[in-house]
Structures are given as structure tokens and as C-alpha cells.
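# Examining the three-dimensional arrangement
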Amino acid sequence: MKNFISIDDLSDFEKSVSEAIDLKNNSLKFNSLGKNKSLAMLFFNPSLRTRLSTQKAAQNLGFNTMVMNFNDEGWKLEFQNGVEMNGSSSEHVKEAASVISQYCDIIAIRAFASLNDKEADESELVINSFCKYSSVPIINMESATAHPLQALADAITIKEHKKTNRPKVVLTWAPHPKPLPHAVANSFVKMIKKINADFVISRPEGYHLNSKIEGQVNTTTDQEEALKNADFVYAKNWCSYKNYGKILKNDSSWKITSKKMNLTNNAKFMHCLPVRRNIIVSDSVIESPNSLVIQQARNRVYATQLILKKLIENE
Amino acid sequence: MKNFISIDDLSDFEKSVSEAIDLKNNSLKFNSLGKNKSLAMLFFNPSLRTRLSTQKAAQNLGFNTMVMNFNDEGWKLEFQNGVEMNGSSSEHVKEAASVISQYCDIIAIRAFASLNDKEADESELVINSFCKYSSVPIINMESATAHPLQALADAITIKEHKKTNRPKVVLTWAPHPKPLPHAVANSFVKMIKKINADFVISRPEGYHLNSKIEGQVNTTTDQEEALKNADFVYAKNWCSYKNYGKILKNDSSWKITSKKMNLTNNAKFMHCLPVRRNIIVSDSVIESPNSLVIQQARNRVYATQLILKKLIENE
Amino acid sequence: MKNFISIDDLSDFEKSVSEAIDLKNNSLKFNSLGKNKSLAMLFFNPSLRTRLSTQKAAQNLGFNTMVMNFNDEGWKLEFQNGVEMNGSSSEHVKEAASVISQYCDIIAIRAFASLNDKEADESELVINSFCKYSSVPIINMESATAHPLQALADAITIKEHKKTNRPKVVLTWAPHPKPLPHAVANSFVKMIKKINADFVISRPEGYHLNSKIEGQVNTTTDQEEALKNADFVYAKNWCSYKNYGKILKNDSSWKITSKKMNLTNNAKFMHCLPVRRNIIVSDSVIESPNSLVIQQARNRVYATQLILKKLIENE
């Protein structure tokens, strides 16, 4: 594995999930793997879980970390080739990526979707530019269209909590006051295709995901129908893909409530966090014993530990 | 000690001060106590001394540290229960505190008073919410109403410099162009009550502290009378408690000058810093050999080292 | 060496360059030199290379690092003496420098020129105040008028790549849309005077540097003439010194192009970065095999490692 940009970069996914669980059970086993090595974490956007869990994962492996908030602390980057840089950008990503590569052994990057320009977002300009011009491995800490560390943590969580070999997993859209990216949903769908699950996506009219990702998945606009017999309910908001970046629906009819959870097979509730309580999900659901949101966040440490380990071992 | 929120959380205060001085004399003695452990430092407000001295204390004990400026780097937190989170807050403190607890062994938090709403400030919503929802110990790096690490450092400094068993200590209000919180004054008063001292607070009309804190303490509006025979003069501004958050007085008549210091028993001058020179105190006083402000700041390291040690040892 | 403020602080410059190259060849040789020691990095301005390369250098020597963005994270500092601090500054540099000195073993500072007030910039108020009031060594991470870590890295790079004992080195002004400080150019000129080189500065009318620095150096306003037979071409923009902080010229006639590089003796191209492509230098030059910009950035690690080592060893 050269970089970890997509969940597809893991060659044997089910084995990777097991390895991450092994790391969780013995998190300091490879405590000297990162000795005298450095992880640079570059943030173009806010972060809580990713910021702290990635540092914790690095510490567990003995890495040094350097955290940089790129927008405030550094120079505005240019990503287009061949331009006369007489505007607001002071440095080209070609130099930035080459230079940073010399100061660390792995670069982790967070760069959200703009939600203004679908084509630009799908080109993954920031993370792909770093992949192209860096000489060290790149880790995706959420890009415009993917959040593979979250998906790997979710896979760990599902494996830990599933009661049948082939659980029914529902990814359901839920309302939110702001337009949100597709990254978490995209990576979750890609991940679910790699594990043994009966999977369905429920979302309102106009809220389908990129057809390249959603294709071959069962989808429905009937949330209650989808929830029947579910073992895992993963709630997430995303903006419209068709009317890119727009909010088409915002009422509470798609909120996950206890009443809706009663339709399920005593399902576990999942969300990547941060979550808007009583908008996405009612207090009663997120605070119930069936809520896995805190465990999901914990598993971010071990997902990241596995990726750091694989990249540094060049596995 | 479960958390360190108030100076009252230390069961045997005088013994703690001695232990902190022992740590100062041998600051690397417990250098492997924090091995493979992490301290998360969360800032909702600016910080210089606290930011750096807490990191130094953690390093002396072998802890890893993760520093996060919450306002810029993370998500705006919701602290009210049961609300529909359709406003500017993206994450509830219930999730934030639970999640961060999983990435570290101790959480240290700075969250100043708003000075807009006395009741809200006195409810200590931020730090109390973290105490409630976190599964690891919490350290107060200055909350709305308390700054116990400063008070502990001040106790160390007084113990090091006192020449009599029962020194006279004066806490005197001093002018400042902006309204300031009561946190430092509150914790200083609480601390002084635990040590052997002849204590008096001098402040203008309208500048009494919370009566629960100031009660049973000698107070006067005659600063010069208070300064007579003082061994320690601790200057500090705070806003009005009665007219909460307001400045009632701002002229230089309460400034600490050399002339005023001449009324004392060759007293040591103290201030928690940052200090506005020639507003709170004249250059001649703060630069005199009797000024302890730099030593107070140094003792922040050992105060924090003691607290980290006690919390991790669950003493 | 007490502090590293200027390239002149290195007593035997050529020997220092050789020592830095030795460190590059064995970067972990002194990996325990910084054990239980701390480097505080204080930024008053943005930074990418300096921020990350200094952390890497510190890690290679086993130092702990504490990074602080002074403007956002701390208190606004007062640098004037004797003033009544009733304005926007909350803390005097006298206290800040004394206090920070107690929390670390070395302080590194970045504080750019204002470009508003030549006299103020040349007084180097920020870094000189820290030197005056700090009790630990100070490292200049680019001040108003000097960037000695860059100059040392450039000297390493020239030594590594020169093909003759006395190469011809050209420092040429190049256009830029914003007024830039003189720090890099100043330190480069000072450095070149210490090594064996045939040196010329080419810059337009009105763009001479401070005569104390530029004096005794060959200068010309004929860029093409200067480039003839050059072995190294160092491009850099700076604002007018005479009309301080102003841009007098901004057209592309001074841009470094392949055509101009053809006038040289197959010269290496150098720039400190960040660089505005196709304004300062054309893509074809910066991407050519003769471009040393990435190597220069790499050598920042070893330049800083040498300085940290000398300061901590009090050499």
C-alpha cells in the first residue's frame, strides 16, 4: 500500500479489520515502530476526533507528530498548473508537498469538499496533488469524497457488535441545517460492499449518492421499510448530489427516533460524529445502550494505528 | 482526587505544597510516570503561562501532550440538554467529552467567564460538563470562577519566601481598562484560608467578591491601611460582582506604587500575570528585587506536575 | 554562541557548514542531546518550512518542542518601556520573555518586518527584546532584517553543489505582487561574504539593499550581464529600501526564465520558498534538474540541528 486514500487501498479488507482489532487488544505492541519517525498532520478544515485519535495512534506506535493548520499557520496553496501566481496563493502544492515530504515519514491530510463545484470536488485536487508531489505516503483524514479512516473504524465496530454472520445494515439519510459532504457516506458504502452484510440505503427523493458509488446497492425512499429487521442503523446527512451542495429537505420526518428504532431487530445505532442531537437523532436513541457512537470514535485510534503500521512497513 | 477543579480538591493542602516543592527540587524524579500516557489540553481562551507550563510539567513526567484550541480547530459545542441542535453548535459536550476521554488519560481545560451572565458563569457549565461526561480526570486550567493551579503556585511561592510563620498577606484590587473575571482572586482567597496567614482584602466600594468566597475574610476599602506591615502584596483586578461584569472605577489611585510599598514590611509583590504595567503596578515595583511575579510563573510548572502526578496515581 | 540572531554569530562559518553536512550524514548521532530539554517555538507570522523543519531538527536531537502562535494563542505584547499599558497590549515582553525562559531551554522566534517603519524594523524590537529579557538562548526563525537559518541552509546547499572552488553566485531581484521584507536577501549577502565566491547582486533602479549590507558587493542593474557565467542564480524579491515598503516595479522583465538561465554556466537555480511560479521564476526553470529549491528546504533541518546543538552545548 503506497498511500491510504480510499478504503479500496487495503488489499485484504476483512483481514485488515481483524488486524486492527488485534492492535486494539495490544495497542502498545509496536510501540517502537515509529521511533525517530514523524507523522505530519495537515488540516485544511476543523477536526476533533481525527485530530486527537490520529495523534493517539501515532503515540501508540512511537511516532513523533507535527500538527499544522494549513490555512492559518502556513501559506495559501496554488493547485493549478502553469498559472502566473499573482493572486492570493503564495506557494504551489508542488513545492509544499515535496518540501514537507523531507521533514516527515508520512503525511496525513484533511481537505473537505467545497460543495460549490462537483467536478472540482470529485477531482480531489488537494489530496491527489499531495499524492502526486509527495515522496512519502499520504493518509486521507477526510477528503472531498472519502473518509476511509472512519469507514475502517466503522467496520471494526460492526465486527465487534454483530450477532449474525450477515447482519442487516441500513445507511439512512437524516436531516441537517447545513449542506454536508458525501465523504462519510461514500466510504461507508464502499466498506459495506467488502463485508458480509444485507445492505440498504434509505434517503429522500433527490438524495441519491454518486451513482458510481451507490450503483448495485439496494436503495429506497421508504425509511421505515428499510429499518425493518435492521441490525445496524447508520444515520448520516449529506447534501443533494444531483443539485450539488443544495438542501432539498430539512424537516424532522427523517430523524431517527426511538419509535423508528422499534421497527428494527433491536438495532445498534451508529453515527460518525459530530452529530446534531434531536435533528439527526433523538436524545433517547443516542443515549440508549444500543448506541455505538462512542465506540466508533474509539476505534478511530486502532484504524489509524493499522494504517500507520502498514504504510511504514510498506505492506 | 478524582478531578482538580478547585483548590478544595486537595485533601491536605499544606502537605501538597510541600510535595510540589519536593518536585521542584527533583523535577525529573517521576520522569517515566506518564510513559505511554497522554494529556489533552483544551483551550477555549488564550493562554501563555498555562499553555507552556502545563506542557513542561507533562514533559517532566514523561506524558505525551495534545494541545487543541477548541474554538478554531474543532466544532462549536452545545452544553444545554434536550435542545434541537439546529443553530451554530455542531457537537454536544456529551459526545465531545466521552470521545476525548478515549484518546487521553487526563483532560485539562481552560474556559473563562463570559462576564455577561453571573448565574451562567457560576454554574461553570463548560468544566462541569466535561467532569460529568468525561471518563478521565479533568484539570481546571482556569474556569469561569476558579484558577486553582495559579493558587497552588502562589502557595508554593509564599511558602518559599515567607520570613515569619504567619505572614500578613494583602490581596488588593487594582485598576484595569477591561473587565476581568474573578477566577484568580477567588482561588487565591480560598487558598489563603488553608495556610497560616493574617489576610486582608482591600478593594473599592462595589468591588466585593462573591460573599460565599469573601465571607469571614477581613476586608477594607482603605488600601493604604491594608498595606501597613504587609509581608506579601498580591495585586489583581476584577470586575464588579454586584454590577456583574462592569467597571465601576478605573483611575490610578489604586495602582501599586513604590510609595505604597513603603508602607509595608518590605513586602514581596505578587501578581499572576499577564500584568498591565503602570496601570496595575508601577515599573519600579514589578522590577524591584521584591517582585515575585517571575517566580510565581515558574512555580506553575511544579503545581501542575503535582496535580498530574496525583491524578494519574489516583491519590 | 549565546544566541543565533545573525549569521555573524557563528564564529567559524566555513567549519559550521561542514559540521552541518556531517549532521546531515548522521542526523541521529546526537539523538539524546535534547533529552528532557525543550525548545519553545514562538510564531508572530505564518511559517511552513521553518515550522516543520525546526520541529524535525529538534526531534532528531531528542528535544521536546512547544509550538505557540503568539498572535492568536497568547496575549498581545507591549515592547515599549515605561508606558501605561492601557491599550490593546496585555503583557509586556519583559514578563513574557522571562516567564517563557523558565519553561524551556531554547526559544526560537519568528517576527517579520512590518514594512511600514524602516527604523522600527531595523531596531529588531521583537527579537532583540527577547534576547534582552530571556535567560535562555534565542534562535532567529526570521526577523525583520535577517533569516540566518535560511542563509546557513543555502551555504550548505552551495557547498554540496559547487563544481569550482570559487563559483560565481548571482543574487537577483525578481518581481512579486506584494512588498516583501529584506531578511532573506540580507542574510544571503552576509553569508556569501563569508565563503569563497565571485558574487554580484542584480536589481532594478531603486532596489538597492541597506548600504551597510550591500556595501563592498558588486551590484548591477543589468540582470542579463550579471547572469553570464553564473554557477548559482539565487532569485528573491524584496521591496524598495529607499522608498521603504514600496513596490517600484512589477513587470515580468526581471522574471527568471529558461532563456535567461541559458546565459549562465549551466547554473543551479535557488530560492528560499515560498515562491510564486511564473512571477519570480518560470515553471521550466524551477522544475529543471538544475533547480535546488527542494534541497535548500531539506538543508533547513541540518542548519537548525547545528544551531540547536551549538546553543545547548554552549559552544
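Here, the structure is the one placed above.
The shown structure was predicted, so the numbers you read here are calculated from the model rather than taken from an experiment.

### Some points on the overall build of chain A
Assigned secondary structure in chain A consists of 13 helices and eleven strands. Over its C-alpha trace chain A gives a radius of gyration of 20 Å, about what one expects of a compact globule, namely 20 Å for 315 residues. Across its three principal directions, the C-alpha atoms of chain A cover 55 × 45 × 35 Å. Scored against the burial criterion, the 315 residues of chain A give a buried share of 63%. Partitioning the contacts of chain A with sequence separation of at least 6, the portion at a separation of at least 24 is 78%.

### A look at the interface of chain B and chain C
In this assembly, 32 residues from chain B lie in contact with 30 residues from chain C. Where chain B packs against chain C, one counts four salt bridges. Taking the shortest distance from any N to any O, the salt bridge between arginine 277 of chain B and glutamate 95 of chain C comes out at 2.7 Å. Taken together, chain B and chain C are joined by 16 residue pairs in polar contact (both at pLDDT 80 or more). Those elements that place two or more of their residues in the side of chain B that touches chain C are helix 2 (49–60), helix 12 (283–286) and helix 13 (293–312) of chain B. With seven residues, helix 2 of chain B is the largest single contributor of residues to the side of chain B that touches chain C. Classifying every residue of the side of chain B that touches chain C by side-chain character gives 14 nonpolar, seven polar and eleven charged.

### Concerning the relation of the copies chain B and chain C
By a simple turn and slide, chain B fits onto chain C: the slide is 0.0 Å along the axis, the RMSD is 0.0 Å, and the turn is 120°. Taken together, the rotation and translation relating the two chain copies correspond to the operation of a three-fold axis.

### Some thoughts on the packing of helix 1 (residues 13–25) of chain B against helix 13 of chain B
Residues and elements named next belong to chain B. Packing of helix 1 against helix 13 leaves a shortest axis separation of 9 Å and a crossing angle of 110°. One way to sum up the angle between helix 1 and helix 13 is to call them roughly perpendicular. When the axes of helix 1 and helix 13 are compared, the crossing they make is right-handed. Residue-level inspection shows Ser16, Glu19, Ala20, Leu23 and Lys24 of helix 1 in contact with helix 13, the latter providing Arg298, Asn299, Tyr302, Gln305, Leu306, Lys309 and Lys310. Taken together, the residues that form the contact of helix 1 with helix 13 break down as four nonpolar, three polar and five charged.

### A look at the pairing of strand 7 (residues 168–173) of chain C
The two faces of a sheet get side chains in turn, since along a regular strand they alternate between them. All names here are of chain C. Here strand 7 lies mainly inside the structure; six of its six residues are buried. With burial as the criterion, each face of strand 7 is covered, one bearing Lys168, Val170 and Thr172 and the other bearing Val169, Leu171 and Trp173. As judged from the five bridges shared by strand 7 and strand 8 (residues 198–202), these two strands associate in the parallel manner. By the bridge assignment for strand 8, threonine 172 is matched with serine 202. Where the polypeptide runs from strand 7 across helix 8 (residues 183–192) and back to strand 8, its parallel neighbour, the crossover connection is right-handed.

### Concerning the nonpolar core
Inside soluble globular proteins, nonpolar side chains tend to come together where they are buried. The biggest cluster of nonpolar side chains holds 107 residues, and the ones touching the most others in it are Met191 of chain A together with Ile100, Ile109 and Phe130 of chain B. A total of nine residues in this core trace back to one element, the largest contributor, which is helix 13 (residues 293–312) of chain A. Setting aside residues no more than four positions away along its own chain, methionine 191 of chain A makes contact with Ile7, Phe13, Ala151, Asp154, Ala155 and Ile158 of chain A.

### Section: the packing of aromatic side chains
All names here are of chain C. For the structure shown, the criterion picks out 21 aromatic pairs over all chains. On the basis of an interplanar angle of 25° and a centroid distance of 5.0 Å, the ring pair of phenylalanine 44 and phenylalanine 70 is categorised as stacked. You can see phenylalanine 44 sitting in the loop between strand 1 (38–43) and helix 2 (49–60) and its partner phenylalanine 70 sitting in helix 3 (residues 70–73), a full 26 residues away along the chain. The same class applies to phenylalanine 44 and to phenylalanine 70, which are both buried.

### Topic: the interface of chain A and chain B
By a frequent convention, interface size equals the accessible area lost on bringing the separate parts together. Contacts between chain A and chain B engage 32 residues on the former and 30 residues on the latter. Taken together, the connections running from chain A to chain B amount to four salt bridges. On the surface where chain A and chain B come into contact, there are 16 residue pairs in polar contact (both at pLDDT 80 or more). Tallying contributions element by element places helix 2 (residues 49–60) of chain A first for the side of chain A that touches chain B, with seven residues.

### So, the pairing of strand 5 (residues 106–110) of chain C
Residue and element names in this part refer to chain C. By the criterion of burial, strand 5 is predominantly enclosed, with five of the five residues buried. Neither face of strand 5 is open: one carries Ile106, Ala108 and Arg110, the other Ile107 and Ile109, and all of them are buried. Relative to strand 6 (residues 138–140), strand 5 is paired through three bridges, and the arrangement is parallel. By the bridge assignment, isoleucine 107 is partnered in strand 6 with isoleucine 138.

### Some points on the sheet that holds strand 6 (residues 138–140) of chain A
Residue and element names in this part refer to chain A. One open sheet accounts for four strands, arranged 2-1-5-6; its pairing is parallel. Single-partner strands in this sheet number two, and they are strand 2 (64–69) and strand 6. If you compare each strand with its neighbour and ignore which way they point, the axes differ by 20° on average. Of the strands in this sheet, strand 1 (38–43), strand 2 and strand 5 (106–110) are in contact with helix 2, which crosses strand 1 at around 175°.

### What to know about helix 6 (residues 125–133) of chain B
What helix 6 of chain B keeps buried is the set Val126, Ile127, Ser129, Phe130, Cys131 and Tyr133 of chain B. Considering only its buried residues, helix 6 of chain B is in contact with strand 1 (38–43), strand 3 (77–78), helix 4 (93–101), strand 5 (106–110) and strand 6 (138–140) of chain B.

### A word on the state of the cysteines
Residue and element names in this part refer to chain C. All chains considered together, the criterion is met by zero disulfides over all chains. Unpaired in terms of disulfides, cysteine 239 finds its nearest cysteine sulfur in cysteine 272, a separation of 14 Å. Relative accessible area serves as the criterion here: at 1%, cysteine 239 is assigned to the buried category.

### Some details on the sheet that holds strand 8 (residues 198–202) of chain B
Residues and elements named next belong to chain B. In space, the five strands of this open sheet follow the order 9-8-7-10-11, with parallel pairing throughout. Looking at strand neighbours, the two that pair on one side only are strand 9 (218–220) and strand 11 (268–270), the edges of this open sheet. Averaged over all pairs of adjacent strands, the angle between strand axes in this sheet comes to 20°, irrespective of strand direction. Each of strand 7 (168–173), strand 8 and strand 10 (232–236) touches helix 8 (residues 183–192); the most contacted strand, strand 7, lies at about 165° to it.

### Observations concerning the packing of helix 7 (residues 148–161) of chain A against helix 8 (residues 183–192) of chain A
Residue and element names in this part refer to chain A. Where helix 7 meets helix 8, the closest approach of the two axes is 8 Å, and the angle between their N-to-C directions is 50°. In this view, helix 7 runs oblique relative to helix 8, as classed from their interaxial angle. The way helix 7 lies across helix 8 gives a crossing that is right-handed. The residues of helix 8 that touch helix 7, namely those facing Pro148, Gln150, Ala151, Asp154, Ala155 and Ile158, are Val184, Ser187, Phe188, Met191 and Ile192.

### What to know about the pattern of salt bridges
All names here are of chain B. Evaluation of the coordinates by the stated rule reveals 48 salt bridges over all chains. Across the pair aspartate 8 and lysine 194 runs a salt bridge whose closest N-O atoms are separated by 2.8 Å. Of this pair, aspartate 8 sits in the segment before helix 1 while lysine 194 sits in the loop between helix 8 and strand 8, and the two are 186 residues apart along the sequence. Among the residues examined, lysine 194 registers a relative accessible area of 27% and is labelled partly exposed.

### A look at the side chain of histidine 182 of chain B
Within the secondary structure, histidine 182 of chain B is located in the loop between strand 7 and helix 8. The residues touching histidine 182 of chain B, leaving out its near neighbours within four places in the chain, are Leu209, Trp238, Cys239, Ser240, Tyr241 and Tyr244 of chain B.

Conventions and cut-offs
Sequence positions are assigned chain by chain, starting from 1 and proceeding in written order. Written order determines the labels here, with chains lettered from A and ligands numbered from 1. pLDDT decides what is reported in this predicted model: residues at 70 or higher carry local features, side-chain atom pairs at 80 or more are listed and counted, and totals for whole chains, interfaces and linings draw on all residues regardless. Think of the side-chain values as coming from all heavy atoms in the structure, minus any hydrogens and water. Strands here are runs of E lasting at least two residues and helices are runs of H or I lasting at least four, both read from the DSSP assignment and numbered beginning at the N terminus. Radius of gyration here uses only the C-alpha atoms, and the compact-globule reference equals 2.2 Å multiplied by the residue count raised to the power 0.38. Here the term buried applies to any residue with accessible area under 20% of the maximum for its type, exposed to any over 50%, and partly exposed to those in between, with areas from a 1.4 Å probe on protein chains only. Between two residues, a contact is recorded if the distance between any of their heavy atoms is within 4.5 Å. By definition here, a salt bridge exists when the distance from a side-chain nitrogen of Lys or Arg to a carboxyl oxygen of Asp or Glu is within 4 Å. As used in this structure description, the phrase polar contact means that two N or O atoms lie within 3.5 Å; if the pair is within protein, one of them must be able to donate a hydrogen and the other to accept it, and residues adjacent in sequence are counted only when both atoms belong to side chains. Classification convention: Asp, Glu, Lys, Arg as charged; Ala, Val, Leu, Ile, Met, Phe, Trp, Tyr, Cys, Pro as nonpolar; all other residues, Gly among them, as polar. The fit set for superposing copies consists of C-alpha atoms from residues with pLDDT of at least 70 in both; the fit itself is least squares. Angles shown run from 0 to 180 degrees and are taken between the N-to-C directions of axes, each axis being a line fitted to C-alpha atoms and, for helices, limited to the stretch in contact. These descriptions rest on fixed angle ranges, namely under 35 degrees for roughly parallel, over 145 for roughly antiparallel, 65 to 115 for roughly perpendicular, and the rest for oblique. Handedness of a crossing follows from how the near helix is turned relative to the far one, being left-handed for an anticlockwise turn of less than a right angle and right-handed for a clockwise one. Paired strands, as defined in this entry, are two strands with at least two bridges between them according to DSSP. Viewed with both strands pointing away, a crossover whose connecting path from the first strand over the helix to the second turns clockwise is right-handed. Here the nonpolar core consists of buried residues drawn from Ala, Val, Leu, Ile, Met, Phe, Trp, Tyr and Cys, with membership extended through side-chain atoms lying within 4.5 Å. Aromatic contacts are taken between Phe, Tyr and Trp rings whose centres are within 6.5 Å, Trp giving its six-membered ring; a plane angle under 30 degrees counts as stacked, one over 60 as edge-to-face, and the others as tilted. When two cysteine sulfur atoms lie within 2.5 Å, the pair is treated as a disulfide.

Purely spatial values, then, with no claim about function.
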